Amino acid sequence: MFKIKYMFAVLLGLFLAVGSGYNADAAQLMRCSHQLPPGSHIAKVIDQWATEIETLTDGKLDVQINGANSLVLAPRNAAAVRAGEIECAFSMNSEWAESLPLMDVTLEPFALRNVEILKRWDGSPPAELLEREIQKTGLTNLVWLFTTWRTAITSNDQFLIKPDDFKGVRIQGLGPHSNAAFAALGATPVEMADMAAVEALREGKLDAGLTNLSSALSSRYYTVQDHVTILPLFAVYYNGYINTEWFAALPLNYQEAIREASRKAALWAIEASEISAAAAPGLLREEGMKIHVATEQEIEALQNIMRPAFNRAFLGQTGENGRRLLEYMDRYVTGATP
């Protein structure tokens, strides 16, 4: 009995000692990681998102954004959030390639080919299917931040336009499904991030770059290549997600504040991406690059080869869920009712 009373006294003392320093008004920390450099327009949208959450919660949530892989390396972001090491993160399509390959669906060649389609993404059947799959992993999706629907294929001395132009070309890769589409053209895709690709182009280890139009400028592809073909090949996003248990434990008004800020950020990202992409061609020309915008005939020739190859690779890895998702995508893109 004495030992029990003694242990109780010790525990009570520890509780009081900790409690005496507790501040009920202290802000709750929400640490978020992403891989983007500070100058990225999507990085700036994420900062704006964080500020909006703090505003909507009267500063009761302290959202700390750690970009440029400064807190967690990009391949570990989802695992770190799931494990509770951090509260939230943002990941690019390709970062989900192994754990949730369905997330590559927006890389389907020439599917999401204008901004009006992207504006309807939030709450669409394909987005909701992906969010249900994310939920199964212990994460709750918050927001889709599309960085572009315009792709830049950079090269030297000539444009890469026709299917035959890609034969034997070592091109920057973007994951297994996109790689399959380029392999069908006779290219050799090599997966790497933009900054690594620029260096590989500089060293002659790659022949062509593959990135979004804004990144062709911000990652300085113009320092190593002199031609760029612009086409609506794929849509890249950074989706923001949060630890499900941590989110569920927040007061409901905090949860709604995060949701509201996320709805706003989805539109901010599209607006910022359109502004950035609209300015990029002129700025790339000023840096000495020659620009070609693919025609509908050129797009169709590429699509006829690339899309079937992408879909075969995608379905081979995703099965029935992938088939259903591609059906949702077809209806979503055409505006048909599911």
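Look a little higher up for the structure.
**Student:** I tried to follow the sheet that holds strand S8 (residues 209-212) on my own but got confused; where do I start?
**Tutor:** Note: strands within a sheet are paired through backbone hydrogen bonds, in either parallel or antiparallel orientation. With respect to topology, four strands assemble into an open sheet ordered S8-S5-S9-S11, the strand pairing being mixed. The open sheet terminates on both sides in strands that have one partner only, identified here as S8 and strand S11 (290-293). Across the sheet, the mean angle separating the axes of adjacent strands is 25° when strand polarity is ignored. Bridging between strand S5 (residues 151-155) and S8 involves four bridges; their strand directions are antiparallel. The partner of Ala152 across the bridge, within S8, is Thr211.

**Student:** Can you walk me through the sheet that holds strand S4 (residues 139-148) in this structure?
**Tutor:** Strand order in the open sheet formed by five strands is S2-S1-S3-S10-S4, with mixed pairing between adjacent strands. This sheet does not close on itself; its edge strands, each paired only once, are strand S2 (61-66) and S4. On average, each strand axis in the sheet is inclined to that of its neighbour by 20°, with strand direction left out of account. Direction of pairing for strand S3 (residues 88-92) relative to strand S10 (residues 236-243): antiparallel, over a ladder of five bridges. Bridge assignment links Ser91 to a residue of S10, and that residue is Asn239. In the packing of helix H2 (residues 41-56) onto the sheet, contacts are made with strand S1 (28-33), S2, S3, S4 and S10, and the angle to S2 comes to roughly 165°. Relative to S4, helix H10 (residues 252-286) is tilted by about 15°, and along the sheet it contacts S1, S2, S4 and S10.

**Student:** Could you clarify how one ought to interpret the pattern of salt bridges in this entry?
**Tutor:** Oppositely charged side chains can form a pair if their charged atoms are brought close together. For the structure on display, the rule yields 18 salt bridges. Across the pair Lys119 and Glu116 runs a salt bridge whose closest N-O atoms are separated by 3.4 Å. Here Glu116 and Lys119 lie together in helix H4 (residues 115-119), a separation of three residues that amounts to about one turn. Owing to a relative accessible area of 47%, Glu116 belongs among the partly exposed residues under this scheme. When salt bridges that share partners are traced, they join Glu320, Arg323, Arg324 and Glu327 into one network.

Basis of the calculations
Residues numbered from 1 in each chain as written. Predicted model: local features only at pLDDT ≥ 70, side-chain atom pairs only at ≥ 80, totals over all residues. Heavy atoms only, no water. Pairing = 2+ DSSP bridges. Helix = DSSP H or I, 4+ residues; strand = E, 2+ residues; numbered from the N terminus. Axes fitted to C-alpha atoms, helices over the stretch in contact; angles between N-to-C directions. Contact = heavy atoms within 4.5 Å. Salt bridge = Lys/Arg side-chain N within 4 Å of Asp/Glu carboxyl O. Buried < 20%, exposed > 50% of the residue type's maximum accessible area, 1.4 Å probe, protein only.

These values are about where atoms sit, not about what they do.
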